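The residues making up each chain are set out below.
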Amino acid sequence: MILSLSPPMAASFCGWTLQPPSLSNFRRPPVRSSFIRASSSSSTSSNGNLPIKKSFPGEPEADVVVIGSGIGGLCCGALLARYNQDVLVLESHDLPGGAAHSFEIKGYKFDSGPSLFSGLQSRGPQANPLAQVLDALGESLPCAKYDSWMVYLPEGDFLSRIGPTDFFKDLEKYAGPNAVKEWEKLLGAILPLSSAAMALPPLSIRGDLGVLSTAAARYAPSLLKSFIKMGPQGALGATKLLRPFLEIVDSLELKDPFIRNWIDLLAFLLAGVKSDGILSAEMIYMFAEWYKPGCTLEYPIDGSGAVVEALVRGLEKFGGRLSLKSHVENIVIENGKAVGVKLRDGQFVRARKAVVSNASMWDTLKLLPPGALPDSYVTGVNTTPQCESFMHLHLGFDAKEQGIADDLEIHHIVVNDWDRGVDADQNVVLISVPSVLSPNLAPPGKHVLHAYMPGTEPFSLWEGLDRRSAEYKDLKSQRSEVMWKAVERALGPGFKREKCEVSLVGTPLTHQRFLRRNRGTYGPAIEAGKGTFPGHSTPIPQLMCCGDSTFPGIGVPAVAASGAIVANSLVTVSKHSELLDAIGL
């Protein structure tokens, strides 16, 4: 959702079906000019001052062709380049980053996706997967640190602080002593399990039996140590890591309505589902990150676009290439194998070893010729449930003119009605004002704001509408009103929407159009205990997938891990082990 926490690889690995490798033993390509945009050479990317050229970058071939420059695709491509492979990343948009790209209007630099990060500057086995990838690339990501966020709940408005003690004060005031006791009981039961949930570094995972060397054997001692430390009862509790978190909540007989609602909200922010649909391992890792002494949240100094810039720099540093406005029309299959892609302009780009799709499972399916996949596989994709889409509100405004307080928080979360559920449409609004910590994202004295309703907006309300029609404009006005009201609640009575210098409303059709997402979806709606995210290989040799349609799932850390897993799977175990040694894992 909005969180960028590290997913628990130990628990996920335990329930993962290994896939045979597609490739190995790539050769090192010659270094070529890399970041290319097929538009005017006079403009620059709003993700940074990256060079733009008119021609296609180098020869129209590579060892590995990656479709899409989302976080997963960039992590995959950059790591493959780090492994000395010839990589070409093709992006349909005129900006890299996928759902994490940033854009600039009138001097305001907007995030389009994730805004709440944690663990970006961490290092070592328990680090965020994205941090581990950046470490492997030798790239740093300066961040501002903070430890609080505003919440607006039916019970009242308060500043919620992370850490082991401050939240107890909020519970005492807004929920009462029984809620405090139940929260203490919950933390006492799950925090000892965190060592098992965090035992395997995400970068050690690969999609073949080589994982027995790079992960299982390499980290067996630390995993065994964590189980011994937990004792028999804790080890027994660790068996629940792959079950829905609600089962732990129920087993502890937690009854307080506020506690159960708060747990649902945290699960929703982390994975877009309530506690009955999220893996216990994910929640336990989040609790360990948020409720330990000295913990902080982080925000990249230059916004989410800085994450994209860092990955692009890493890709280029090791000779990888990125071509923007290079729309892949279809994946080319010869003799049953993926051998390259055909672009919209007719250009054929050959993949000597593999094609990796960072598109969603539904959009990848559209790129393949009829009959290329078994009917059972196609049916499985088409029947996978989808999360709903998004509504976005991007605002740029003068802080002084709008009477904005100097101590404004960066993040605000509004829950209108617990009874409807945190996953109900028009109910939960997330607000980010990143210029609070990164003033360079807006002109002097001004703020940039992104409000959104994540994965709860029904696509069916918008399907078939003409974006130029009065009906569409009226629906935009109606469905964005709840975001406007949330912003007014967060910013105070001095804020006037008509005084905003920039005001943009995004809809599911915006998501579908600009991110090329089937039905504008947030991703697969796969609930813990009811299904698992697909692996990375496909029935077509030399075609692999990464991103939020694959293991370990949705969210920045998860898609970074998926890209890394695919990259690791496409090289030998020895090369993979050498990389782990080089970054101290």
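Refer to the structure above for everything that follows.
What you see is a predicted model; the values in this text were computed from it and never measured.

K.L.:
Residues and numbers for the packing of helix α4 (residues 166-174) against helix α5 (residues 177-190), please.
P.N.:
At a minimum axis distance of 7 Å, the contact between α4 and α5 shows a crossing angle of 145°. Read as a crossing pair, α4 and α5 show a hand that is right-handed. Along the contact surface, α4 presents Phe167, Phe168, Leu171 and Glu172, while α5 presents Pro177, Ala179, Val180, Trp183, Glu184 and Leu187.

K.L.:
Give me the lowdown on helix α9 (residues 257-271), citing residues and values where you can.
P.N.:
For α9, with 15 residues, the first-to-last C-alpha span of 21 Å sits near the 21 Å given by 1.5 Å per residue. Counting buried residues along α9, 13 of its 15 residues qualify, which places the element largely inside the surrounding structure. In this structure Asp256 caps α9, since a side-chain oxygen of it lies 3.0 Å from the backbone nitrogen of Phe258. In the segment just after α9, Gly272 is the residue with positive phi, at about 80°.

K.L.:
A description of the pattern of salt bridges should follow, citing residues and the corresponding values.
P.N.:
A complete count under the given rule lists 24 salt bridges for this structure. Among the ionic pairs, Glu501 bridges to Lys446, the shortest N-O distance being 2.9 Å. With a gap of 55 residues between them, Glu501 in the loop between α14 (470-491) and β20 (502-506) and Lys446 in strand β19 (residues 446-457) connect regions that are remote in the sequence. Here Glu463 ties to Arg519 by a salt bridge, and the two come within 3.2 Å at their closest N and O atoms. With a gap of 56 residues between them, Glu463 in the loop between β19 and α14 and Arg519 in the loop between α15 (508-514) and β21 (543-545) connect regions that are remote in the sequence. Taken together, the shared-partner salt bridges in this structure form one network comprising Glu61, Asp63, Asp86, Arg321 and Arg352.

K.L.:
Explain the nonpolar core residue by residue, including any values.
P.N.:
Among the nonpolar cores identified, the biggest contains 125 residues, and Trp183, Phe245, Trp262 and Phe287 are the most heavily contacted of them. It is α9 that contributes the most residues to this core, 11 residues altogether. Leave out the neighbours within four places in its chain, and Trp262 touches Trp149, Val151, Leu153, Phe158, Ser160, Phe167, Trp183, Tyr291 and Trp418.

K.L.:
Please provide a residue-by-residue account of the sheet that holds β19, values included.
P.N.:
Read across the sheet, seven strands follow the order β10-β9-β17-β18-β19-β16-β20 without closing on themselves; strand pairing throughout is mixed. With partners counted over all chains shown, the strands left at the sheet margins are β10 (156-161) and β20, one partner each. Sheet twist, expressed as the mean angle between neighbouring strand axes with direction ignored, is 15°. With three bridges connecting them, strand β9 (residues 148-153) and strand β17 (residues 411-415) associate as parallel partners. Bridging from a neighbouring strand, Tyr152 pairs with Val414 of β17.

K.L.:
Residue-level account of the pairing of β19, with values.
P.N.:
Among the 12 residues that make up β19, 11 are buried, leaving the element largely enclosed by the rest of the structure. Sheet topology note: the strand β16 (residues 389-398)/β19 ladder contains nine bridges and is antiparallel. Bridge pairing links His394 to His450 in β19. For strand β18 (residues 428-432) and β19, the ladder comprises three bridges, and the chain directions are antiparallel. Along β19, the bridge assignment pairs Ile431 with Ala451.

K.L.:
Would you mind going over the pairing of strand β6 (residues 108-111) in detail, with residue names and values included?
P.N.:
Of the pairings in the sheet, the one linking strand β5 (residues 102-105) to β6 comprises four bridges and is antiparallel in character. In the sheet register, Ile105 faces β6, and the bridge partner there is Tyr108. In textbook terms, the turn of a hairpin is the stretch between consecutive antiparallel strands, and for β5 and β6 this stretch comprises two residues, one of which, Lys106, has a positive phi near 55°.

K.L.:
I'd like to hear about helix α11 (residues 304-317), residue by residue, with values.
P.N.:
With 14 residues, α11 extends 20 Å between its outermost C-alpha atoms, agreeing within 8% with the 20 Å of an ideal straight helix rising 1.5 Å per residue. Most of α11 is tucked away, with 11 of its 14 residues classed as buried. For α11, the set of buried residues is Ser304, Gly305, Ala306, Val307, Val308, Glu309, Ala310, Leu311, Val312, Gly314 and Leu315.

K.L.:
Requested: an account of the packing of aromatic side chains, with residues and values cited.
P.N.:
Using the criterion set out here, one finds 16 aromatic pairs in the structure. With 4.9 Å between their ring centres and 65° between their planes, Phe167 and Trp183 make a pair best called edge-to-face. Placement of the pair is Phe167 in helix α4 and Trp183 in helix α5, with a sequence separation of 16 residues. Residue classification places Phe167 among the buried positions, given a relative accessible area of 1%. Of the aromatic side chains, those joined through ring pairs into one cluster are Trp149, Phe158, Phe167, Tyr174, Trp183, Phe245, Phe258, Trp262, Phe287 and Trp290.

K.L.:
Outline unusual backbone geometry, supporting the account with residue identities and numerical values.
P.N.:
Cis geometry marks the peptide bond from Phe551 to Pro552; its omega dihedral reads 5°. Here Pro552 lies in the loop between β21 and α16 (556-569). With a phi close to 70°, Asn84 is a non-glycine residue in the positive phi region. Tracing the sequence through the fold places Asn84 in the loop between α2 (71-82) and β4 (87-90). Classification of Asn84 as partly exposed rests on a relative accessible area of 32%. Although it is not a glycine, Arg519 sits at a positive phi angle of roughly 55°.

Reading the values: the criteria
Residues numbered from 1 in each chain as written. Predicted model: local features only at pLDDT ≥ 70, side-chain atom pairs only at ≥ 80, totals over all residues. Heavy atoms only, no water. Axes fitted to C-alpha atoms, helices over the stretch in contact; angles between N-to-C directions. Helix = DSSP H or I, 4+ residues; strand = E, 2+ residues; numbered from the N terminus. Left-handed = near helix turned anticlockwise from the far one by under 90°. Contact = heavy atoms within 4.5 Å. Expected span 1.5 Å × (residues − 1). Buried < 20%, exposed > 50% of the residue type's maximum accessible area, 1.4 Å probe, protein only. Polar contact = N/O pair within 3.5 Å; in protein donor to acceptor, adjacent residues only side chain to side chain. Salt bridge = Lys/Arg side-chain N within 4 Å of Asp/Glu carboxyl O. Core = buried A, V, L, I, M, F, W, Y, C linked by side-chain atoms within 4.5 Å. Pairing = 2+ DSSP bridges. Phe/Tyr/Trp six-rings, centres within 6.5 Å; stacked < 30°, edge-to-face > 60°.

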